[in-house]
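Residues per chain are reported as follows:
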Amino acid sequence: KIIAMKFELPKLPYAYNALEPVISEKTISFHYGKHHQTYVNNTNNLIVATEFENADLETIIKKTSGALFNNAAQVWNHNFYFLALTPDKGTKPSDKLLKAIESGWGSLDNFKTEFNKLAIALFGSGWTWLVKDKDGKLAIVNESNAGNPIVQGLTPILTFDVWEHAYYLDYQNRRADYVAALWELINWEVVSGKY
Ligand code: MN
């Protein structure tokens, strides 16, 4: 029996070198081409002959733990991260998202400062997220390792990958410099579409 490969690496809407100097071509080639690809391959291997063979990623993330959760969540998280980046400096938050951010943090700059503080404070590997709850209220949350807020019923709006593999080739131990620079690459049109 031949089993079709279910999950695929999403095509990036930019060239490997398009995010330089904030993220180098070398980082994209390892982070997307190797790490992300491996999570996709592992997920496809781990679902074989399980009840999740035909499940979507969200279902797998909500219903599993251990290796399958870790790999499937990492596929979802990396899809979300890479597809919300752009070399285009001209994107802006929608009026609706900007109002919600200003009501939560006073200003977009202040929100970024608070987001960066959490990203820098995350111990070890993980993800910093902007999420909304079922009432539409925004919050910044950290998740360790492969953690994804959809498990808690929250809606992800934006994420920063703060695993060392996301920045070590370009910034070594300077996570603060990576998160400060990453805002230049955020595609606010994509992010606003999640809110
Ligand atoms: Mn990563």
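Structure first, text after, so check above.
Residues numbered from 1 in each chain as written. Predicted model: local features only at pLDDT ≥ 70, side-chain atom pairs only at ≥ 80, totals over all residues. Heavy atoms only, no water.

A few points about the overall build of the protein chain
The condition is simple: In DSSP terms, a helix is any run of H or I states spanning at least four residues, a strand is any run of E spanning at least two, and both are numbered starting from the N terminus. For a compact globule the rule gives 2.2 Å times the number of residues to the power 0.38, and the radius of gyration it is set against comes from C-alpha atoms.
When its secondary structure is counted, the protein chain shows eight helices and three strands. Across the protein chain, helices and strands are ordered from the amino to the carboxyl terminus as α-α-α-α-α-β-β-β-α-α-α. Taking 16 Å as the expected radius of gyration for a compact globule of 195 residues, we find that the protein chain reaches 17 Å, a close match to that expectation. Along the first, second and third principal axes, the C-alpha atoms of the protein chain reach 55 × 40 × 30 Å.

A look at the coordination of the manganese ion
Tetrahedral coordination by four donors places them ideally at 109.5 degrees to one another around the metal; octahedral coordination by six donors ideally gives 90 or 180 degrees. Worth spelling out the cut-off: Metal coordination here is assigned from N, O and S atoms located within 2.8 Å of the ion, or within 3.2 Å for Na, K and Ca; omission of water means that sites may look incomplete.
All of the protein donors around the manganese ion are His31 (NE2), His78 (NE2), Asp161 (OD) and His165 (NE2); their distances to the metal are 1.9 to 2.1 Å. Taken in chain order, the donor set of the manganese ion reads H-x46-H-x82-D-x3-H.

Remarks on unusual backbone geometry
A cis geometry characterises the amide bond from glutamate 20 onward to proline 21, with omega recorded as 5°. Mapped onto the secondary structure, proline 21 falls in the segment before helix 1 (25-46). Located in the positive-phi region is glutamine 172, a residue other than glycine, with phi close to 50°. Positionally, glutamine 172 belongs in the loop between helix 6 (168-171) and helix 7 (175-182).

Digging into the packing of helix 1 against helix 3 (residues 66-82)
Test applied: Here an axis means a line fitted to C-alpha atoms, over the contact stretch when the element is a helix, while the angle between two N-to-C directions is reported on a 0 to 180 degree scale. Angles below 35 degrees are treated as roughly parallel, those above 145 as roughly antiparallel, those between 65 and 115 as roughly perpendicular, and all remaining angles as oblique. Crossing handedness follows the turn of the near helix against the far one: under a right angle anticlockwise gives a left-handed crossing, and clockwise gives a right-handed one. Contacts are assigned to residue pairs with any non-hydrogen atoms lying within 4.5 Å of each other. Side-chain classes are defined by residue name, with Ala, Val, Leu, Ile, Met, Phe, Trp, Tyr, Cys and Pro counting as nonpolar, Asp, Glu, Lys and Arg as charged, and the others, Gly among them, as polar.
Interaxial distance between helix 1 and helix 3 falls to 8 Å at its minimum, and their mutual angle equals 140°. One element, helix 1, and the other, helix 3, form an angle in the oblique class. Crossing geometry of helix 1 relative to helix 3 is assigned as left-handed. From helix 1, Ile28, His31, Tyr32, His36, Thr38, Tyr39, Val40, Asn42, Thr43 and Leu46 reach across to helix 3, where they touch Ala67, Leu68, Asn71, Ala72, Gln74, Val75, His78, Asn79, Tyr81 and Phe82. Per-class residue counts for the contact of helix 1 with helix 3 are eleven nonpolar, nine polar and no charged.

Let's talk about the side chain of glutamate 143
Spelled out, the test is: Only protein chains enter the area calculation, which uses a 1.4 Å probe; residues under 20% of their type maximum are buried, those over 50% are exposed, and those in between are partly exposed. A residue counts as positive if it is Lys or Arg and as negative if it is Asp or Glu; His and the chain ends are not included. Note on definitions: salt bridges are taken to be side-chain nitrogens of Lys or Arg within 4 Å of carboxyl oxygens of Asp or Glu.
Residue placement: glutamate 143 occurs in strand 2 (residues 138-144). It is lysine 62 that comes nearest to the buried, bridge-free glutamate 143 among opposite-charge side chains, at 13 Å. Glutamate 143 has contacts with Leu122, Ser125, Gly126, Trp127, Trp129, Asn148, Pro149 and Gln152, leaving out every residue within four places of it along the chain.

Quick notes on the packing of aromatic side chains
Counted only if it meets this: Think of it this way: a Phe, Tyr or Trp ring, Trp meaning its six-membered ring, pairs with another when their centres are within 6.5 Å, and the plane angle makes it stacked under 30 degrees, edge-to-face over 60, tilted otherwise.
Tallied over the full model, the rule gives 17 aromatic pairs. Taking 6.0 Å as the distance between ring centres and 40° as the angle between the ring planes, the aromatic pair formed by phenylalanine 80 and tryptophan 129 counts as tilted. With phenylalanine 80 in helix 3 and tryptophan 129 in strand 1 (residues 126-132), this pair connects stretches of sequence that are 49 residues apart. By the burial criterion, phenylalanine 80 is buried, and tryptophan 129 matches it.

A closer look at the nonpolar core
The following threshold applies: Here, nonpolar core refers to any group of buried Ala, Val, Leu, Ile, Met, Phe, Trp, Tyr and Cys residues whose side-chain atoms link them within 4.5 Å.
Counting 63 residues, the largest nonpolar core has Leu85 and Phe111 as the members making the most contacts within it. Per-element tally for this core: the top contributor is helix 3, with nine residues. Among all residues touching leucine 85, those that are not within four sequence positions of it are Tyr14, Leu19, Ile23, Leu182, Leu185, Ile186 and Asn187.

Thoughts on the pattern of salt bridges
As enumerated under the stated definition, the model contains two salt bridges in all. As a salt-bridge pair, lysine 117 and glutamate 114 come within 3.1 Å of each other at their nearest N and O atoms. Of this pair, lysine 117 and glutamate 114 both sit in helix 5 (residues 108-121), three residues apart, which is roughly one turn of the helix.

Some points on helix 3
In an α-helix there are 3.6 residues to a turn, and that puts residues three or four apart on one side. Condition: By this rule the span expected of a helix is its residue count minus one, scaled by 1.5 Å.
For helix 3, with 17 residues, the first-to-last C-alpha span of 24 Å sits near the 24 Å given by 1.5 Å per residue. Where burial is concerned, most of helix 3 is hidden: 14 out of the 17 residues are buried.

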